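# Structural overview
Given next are the chains, with one letter for each unit.
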Amino acid sequence: MRIFSNVTELKAAQGTHLGFTEWRTVTQEQVNLFADATGDHQWIHVDTERAAQGPFGGTIAHGFLSLSLLPTLTSELIRVDGLAMGINYGLNKVRFPSPVPVGSRVRAGGEILDLTDTAQGVLGTLKLVLEVEGVPKPACVAEQLILYIPA
């Protein structure tokens, strides 16, 4: 984890890679709970028997489930001290280049793309890449916006 003492120190790190998180396994239980929470019960996610005969050879995580893992994983990559708060400001780009098979292990890497002063604080753009162990293409690539508000 990269720890920054304040937004000034964070701004000096613009353009740097933050490293990678630990690997974690995506389970069928997570996928089922996500399906219940979102109402997306498409068979490629929740029907293990049918999905075994489908295009992915088994169930896969929802793309938005993959995306939803990023906030927790990001907290393993970066911490900025000296803040009143950090606010999720949204996303610029999100892509799902490859699926996340249930039972596979994923990790995230991150890069500080941009840090811009605003009236409220510093708006950061982080490029986050969710990798599946042993798969050459990432599962998710997203630009997350975080508004860092100094204390």
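The text that follows walks through the structure, step by step, so that each part is easy to find. Only a predicted model underlies this, so the values are computations on that prediction, with no experimental measurement involved. (Residues numbered from 1 in each chain as written. Predicted model: local features only at pLDDT ≥ 70, side-chain atom pairs only at ≥ 80, totals over all residues. Heavy atoms only, no water.)

## Re the overall build of the protein chain
Each helix and strand counted, the protein chain has 6 helices and 8 strands in total. For the protein chain, the succession of helices and strands along the chain, N to C, is β-α-β-β-α-α-α-α-α-β-β-β-β-β. If you line up the protein chain on its principal axes, its C-alpha atoms span 55 × 30 × 20 Å. Within the protein chain, the proportion of its 151 residues that are buried is 38%. Across the protein chain, contacts joining residues at least 24 apart in sequence account for 71% of those joining residues at least 6 apart. A total of about 7,900 Å² of accessible surface is found on the protein chain, and carbon and sulfur atoms cover 52% of it. If the 11 positive side-chain charges of the protein chain are averaged to one point and the 15 negative ones to another, these points end up 6 Å apart. (Helix = DSSP H or I, 4+ residues; strand = E, 2+ residues; numbered from the N terminus. Buried < 20%, exposed > 50% of the residue type's maximum accessible area, 1.4 Å probe, protein only. Contact = heavy atoms within 4.5 Å. Areas by Shrake-Rupley, 256 points an atom, 1.4 Å probe, with all protein chains shown as cover. Lys, Arg positive; Asp, Glu negative; His and termini not counted. Charge placed at Lys NZ, Arg CZ, Asp CG, Glu CD.)

## As for the packing of aromatic side chains
All chains considered together, the criterion is met by 1 aromatic pair. Judged by centre distance (5.9 Å) and plane angle (80°), the rings of phenylalanine 64 and phenylalanine 96 are edge-to-face. Taken together, the residues phenylalanine 64 in helix H5 (residues 63–68) and phenylalanine 96 in the loop between strand E5 (83–95) and strand E6 (105–117) connect sequence positions 32 residues apart. Residue classification places phenylalanine 64 among the exposed positions, given a relative accessible area of 56%. Accessibility expressed as a relative area gives 36% for phenylalanine 96, which makes it partly exposed. One cation-aromatic arrangement involves arginine 107 over phenylalanine 20; the distance from NZ or CZ to the ring centre is 4.1 Å. (Phe/Tyr/Trp six-rings, centres within 6.5 Å; stacked < 30°, edge-to-face > 60°. Lys NZ or Arg CZ within 6 Å of the ring centre and 35° of its normal.)

## Brief notes about the pattern of salt bridges
Inspection of the entire model under this criterion finds 5 salt bridges. For the salt bridge of arginine 105 with glutamate 133, the shortest nitrogen-to-oxygen distance reads 2.8 Å. Remark: glutamate 133 occurs in the loop between strand E7 (122–132) and strand E8 (140–150) and arginine 105 occurs in strand E6; sequence separation between them is 28 residues. (Salt bridge = Lys/Arg side-chain N within 4 Å of Asp/Glu carboxyl O.)

These values are about where atoms sit, not about what they do.
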